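Letter by letter, the chains look like this.
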Amino acid sequence: MTMRLDYLSIFPAYFDVLDISLLGKAAVNGLVEVHAHDLRDWTHDRHRTVDDTPCGGGAGMVMKPDPWGEAFDEIIGTEPDSSVHVIFPSPSGAPFTQSAAQELSSAVRIVFCCGRYEGIDHRVIDYARSMWTVHEVSLGDYVLNGGEVAALAITEAVVRLVPGFMGNPESLAEESFSAGQDGLLEYPLFTRPVSWRGLDVPEVLMSGHHGRIAKWRRDESVRLTCERRPDLTDSDFGVPH
Ligand SMILES: Nc1cc(-c2ccc3ccn(Cc4ccc(CN5CCCCC5)cc4)c3c2)n[nH]1
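Quick caveat: nothing in here was measured; it's all calculated off a predicted structure.

Caption draft 1: Quick look at the pairing of strand E5 (residues 84–95). In this structure, E5 lies alongside strand E6 (residues 109–113), joined through four bridges in parallel fashion. Bridge assignment links Val-84 to a residue of E6, and that residue is Arg-109. In this sheet, strand E7 (residues 133–138) lies alongside E5 in parallel orientation, the contact comprising seven bridges. Pairing of His-85 across the sheet is with Thr-133, part of E7.

Below is the structure:
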């Protein structure tokens, strides 16, 4: 099953990078197909205008609804289809999570709508909700200049979970934010040389004693999680279960 990814943006060149590395390989072996579109192709004036002043006043400009609607008609269609997932990155969206990435990894089609300026006329999102499955998502509590970088990050998080994409699926199981690690942060990693610039690999990892190694790793995950992400610990007891 091939996943089709579409990107609507006034800077479609952002998505040239998807031809490189793992994502490029996935595209080559037919797991995903990527289509980037310039929103200005659906404007009809000499200046290819996509923005206008905000109704009700306020700073900056807002993206006009018309080009989005015409692009939707051509790229997605004019019939409702709940199997199409339309993603609007937004500072006011729901936080994007690993579980959202997991859900989206089984989608047949995902369309990323990348806003710029101060955002997109809200009727575009309302219209999309009447037609497809819409996700307004935030990448985190910081403001980007547009949706493109968020779309790339979400793409990477989703596509790497598509069955057949990752060479060694077992590495997915052990990751942070996934069930395999009980939602704890990952333990520190080491490789050769055993001593490097006066810094040594923890002895336990060289002991070959798998029980001790597993305990050391879990203890490190618990320590790191308590230090850096108290929000991930079980609030009842203050220590991860
Ligand atoms: N996680 C995350 C996603 C984004 C994101 C995603 C999509 C777009 C499209 C445009 N921008 C820029 C921008 C800038 C400033 C504001 C503030 N806001 C404006 C209106 C009045 C109140 C205040 C909003 C949007 C975007 C930013 N940033 N961070």
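Caption draft 2: Layout of the UniProt feature "binding site: S-adenosyl-L-methionine" (unreviewed entry) in the protein chain. Cross-referencing UniProt, the feature "binding site: S-adenosyl-L-methionine" (unreviewed entry) maps to Gly-115, Leu-139, Gly-140, Asp-141, Tyr-142, Val-143 and Leu-144 in the present numbering. Note on Asp-141: relative accessible area 81%, which makes it exposed. Residue position: Tyr-142 is located in the loop between E7 and helix H5 (148–159). Of the residues examined, Tyr-142 reaches a relative accessible area of 47% and is grouped as partly exposed.

Caption draft 3: Quick peek at the side chain of Glu-220. By the secondary structure assignment, Glu-220 is in helix H7 (residues 210–228). Beyond its immediate sequence surroundings of up to four residues, Glu-220 is in contact with Tyr-187 and Pro-188.

Caption draft 4: Fine view of the site of the ligand. The immediate surroundings of the ligand are formed by 16 residues, with Glu-118, Leu-139, Gly-140, Tyr-142 and Leu-144 found nearest. Contact distances for the ligand include 3.2 Å between a nitrogen atom and a backbone N or O atom of Gly-140. Here a nitrogen atom of the ligand sits 2.9 Å away from a polar atom, N or O, in the main chain of Leu-144. Contact with the protein chains hides 70% of the accessible area of the ligand, taken as 610 Å² for the molecule alone.

Caption draft 5: Layout of the pattern of salt bridges. All chains considered together, the criterion is met by 13 salt bridges. The shortest N-O distance in the salt bridge between Arg-109 and Asp-6 comes to 2.9 Å. Of this pair, Arg-109 sits in strand E6 while Asp-6 sits in strand E1 (residues 3–9), and the two are 103 residues apart along the sequence. The exposure class assigned to Arg-109 is buried, which follows from its relative accessible area of 15%. Among the salt bridges present, the one from Arg-123 reaches Asp-121, with a minimum N-O distance of 2.6 Å. Owing to a relative accessible area of 55%, Arg-123 belongs among the exposed residues under this scheme.

Definitions and limits used
- Residues numbered from 1 in each chain as written.
- Predicted model: local features only at pLDDT ≥ 70, side-chain atom pairs only at ≥ 80, totals over all residues.
- Heavy atoms only, no water.
- Pairing = 2+ DSSP bridges.
- Helix = DSSP H or I, 4+ residues; strand = E, 2+ residues; numbered from the N terminus.
- UniProt positions renumbered as here; feature names shortened; annotations may be inferred.
- Buried < 20%, exposed > 50% of the residue type's maximum accessible area, 1.4 Å probe, protein only.
- Contact = heavy atoms within 4.5 Å.
- Near = heavy atom within 4 Å.
- Polar contact = N/O pair within 3.5 Å; in protein donor to acceptor, adjacent residues only side chain to side chain.
- Areas by Shrake-Rupley, 256 points an atom, 1.4 Å probe, with all protein chains shown as cover.
- Salt bridge = Lys/Arg side-chain N within 4 Å of Asp/Glu carboxyl O.

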